[in-house]
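Descriptive analysis of the structure
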Amino acid sequence: MGITNIRPLPKNQGIMFNVIGNRFKGLVKVRYDNLEDKYNIRYIPSCGGDIKEQIGINEYDLVETLSDNVGQSPLVLDFLIDMYLCT
């Protein structure tokens, strides 16, 4: 399990990172929507398959939503979000 290759999305609109979690393995993109003041999350599996999207996630539910879908420790994800999105 782990998170690697953390990098910003173009125009500083969010972050993307590779994850190997208990429930998901692949690329995760977290994009901030200025108009809605919410986050949109896209899960792109590394082994192909369907891309999953979650739209309209508020800041307070972001870490829990990511943790539930990826199967990664909420503490690690909370640190990641604080470091790269809430600066």
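So, a few notes on the structure that sits alongside this text.

Scoring rules and cut-offs
Residues numbered from 1 in each chain as written. Predicted model: local features only at pLDDT ≥ 70, side-chain atom pairs only at ≥ 80, totals over all residues. Heavy atoms only, no water. Helix = DSSP H or I, 4+ residues; strand = E, 2+ residues; numbered from the N terminus. Buried < 20%, exposed > 50% of the residue type's maximum accessible area, 1.4 Å probe, protein only. Contact = heavy atoms within 4.5 Å. Areas by Shrake-Rupley, 256 points an atom, 1.4 Å probe, with all protein chains shown as cover. Lys, Arg positive; Asp, Glu negative; His and termini not counted. Charge placed at Lys NZ, Arg CZ, Asp CG, Glu CD. Pairing = 2+ DSSP bridges. Axes fitted to C-alpha atoms, helices over the stretch in contact; angles between N-to-C directions.

1. Looking at the overall build of the protein chain
On a plain count of helices and strands, the protein chain comes out with two helices and five strands. The order of α-helices and β-strands along the protein chain, N terminus first, is β-β-β-β-β-α-α. Seen through its C-alpha atoms, the protein chain measures out along the principal axes to roughly 35 × 25 × 20 Å. Across the 87 residues in the protein chain, those meeting the buried criterion constitute 38%. For the protein chain, the proportion of contacts with a sequence separation of at least 24, taken over those separated by at least 6, is 25%. Accessible surface, the protein chain as shown: approximately 5,500 Å² in total, 50% of it carbon and sulfur. Here the protein chain contributes 9 positively and 11 negatively charged side chains, and the mean placements of these two sets differ by 10 Å.

2. Things to note about the sheet that holds strand E5 (residues 52–57)
What the five strands build is an open sheet, ordered E1-E2-E3-E4-E5; its pairing is antiparallel. Of all strands in the sheet, those bounded by a partner on one side alone are strand E1 (2–8) and E5. Adjacent strand axes in the sheet meet at a mean angle of 15° when their direction is disregarded. Pairing between strand E2 (residues 14–20) and strand E3 (residues 25–33): seven bridges, direction antiparallel. Residue pairing in the sheet places Ile15 in a bridge with Val30 of E3. Packing of helix H2 (residues 74–84) onto the sheet brings it into contact with E1 and E2, and relative to E1 it is tilted by some 15°.

3. Some thoughts on the pairing of E5
Where strand E4 (residues 38–45) meets E5, four bridges bridge the pair, whose relative direction is antiparallel. The residue of E5 that forms the bridge with Tyr39 is Ile57. Turn length for the E4-E5 hairpin, with the two strands adjacent in sequence and antiparallel, is six residues, and the turn residue Gly48 shows positive phi of about 80°.

4. Things to note about the environment of Leu66
If you trace the backbone, Leu66 turns up in helix H1 (residues 62–70). When the C-alpha positions of Leu66 and Lys29 are compared, they lie 11 Å apart, and in sequence the two are 37 residues distant.

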